[in-house]
Amino acid sequence: RVVLDYHFTPNVMGFASVAKGYKAGGYNSVQIGSAFEPEKVWNYEAGIKSVFPEQHLMLNTSVYHYRYSNLQSLTLDPNTTGSGVPRYLVDSSNEKADGMDVELQWQPTAAFNLHASGAYIDSRYGNKHAASGANVSGQPTGVPKLSYALGMQYSWHAMGGHMAFNIDHAYRGA
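All of these numbers come straight from a predicted model, not from anything done at the bench.

1. Brief notes about the pairing of strand E2 (residues 12-23)
- Pairing between strand E1 (residues 2-9) and E2: seven bridges, direction antiparallel. Residue pairing across strands places Val-3 opposite Ser-17, the latter belonging to E2.
- Two successive antiparallel strands, E1 and E2, enclose a turn made up of two residues.

Given below as structure tokens:
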């Protein structure tokens, strides 16, 4: 992993990173001769992290791109659910994604905090054929494109104790 950052001001930092990941391959123990290749990923990300003390505000945002080779997915074999011994099948695919995320926190008083976060991701298969034989190359992988969370917290300090009231809402697309 390589990360470069630059402080534009004491409260605003920009960054860029490149990372390479790896997960070992192996064998599916219930299928004779069934091997799967190692999973590899390259991830590129750039963004800004900032705080604005006078406004009691924090704002972070980033954009990213990643490319997987042989992304490993485990699925439960539905034919083994009643047998007592579950069997997992390994499938792998090449995938790529582009996305962005934003995080915002505002604390107008010491006791009150508002927070929000959101993400957009466009994840697609590379060269891939489904179990049915259909070519799904370039098709969405099923990862939700949009997600967000909103919330607030009020903290009460009295009689040597601390009580926090929270309300949060989260959404994850289809």
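2. With respect to the pattern of salt bridges
- The final tally for this structure, using the stated rule, is three salt bridges.
- Across the pair Lys-23 and Glu-39 runs a salt bridge, and its minimum N-O distance is 3.8 Å. Taken together, the positions of Lys-23 in strand E2 and Glu-39 in strand E5 (residues 39-52) put the pair 16 residues apart, joining distant regions of the chain.
- Taking relative accessible area as the criterion, Lys-23 reaches 40% and is therefore assigned partly exposed.
- Notably, a salt bridge pairs Lys-145 with Asp-122, separated by 3.6 Å at the nearest N-O pair. With Lys-145 in the loop between strand E8 (112-125) and strand E9 (146-158) and Asp-122 in strand E8, this residue pair connects regions lying 23 residues apart in the sequence.
- Where salt bridges share partners, they join Asp-122, Arg-124 and Lys-145 into one cluster.

Rules used in this analysis
Residues numbered from 1 in each chain as written. Predicted model: local features only at pLDDT ≥ 70, side-chain atom pairs only at ≥ 80, totals over all residues. Heavy atoms only, no water. Pairing = 2+ DSSP bridges. Helix = DSSP H or I, 4+ residues; strand = E, 2+ residues; numbered from the N terminus. Salt bridge = Lys/Arg side-chain N within 4 Å of Asp/Glu carboxyl O. Buried < 20%, exposed > 50% of the residue type's maximum accessible area, 1.4 Å probe, protein only.

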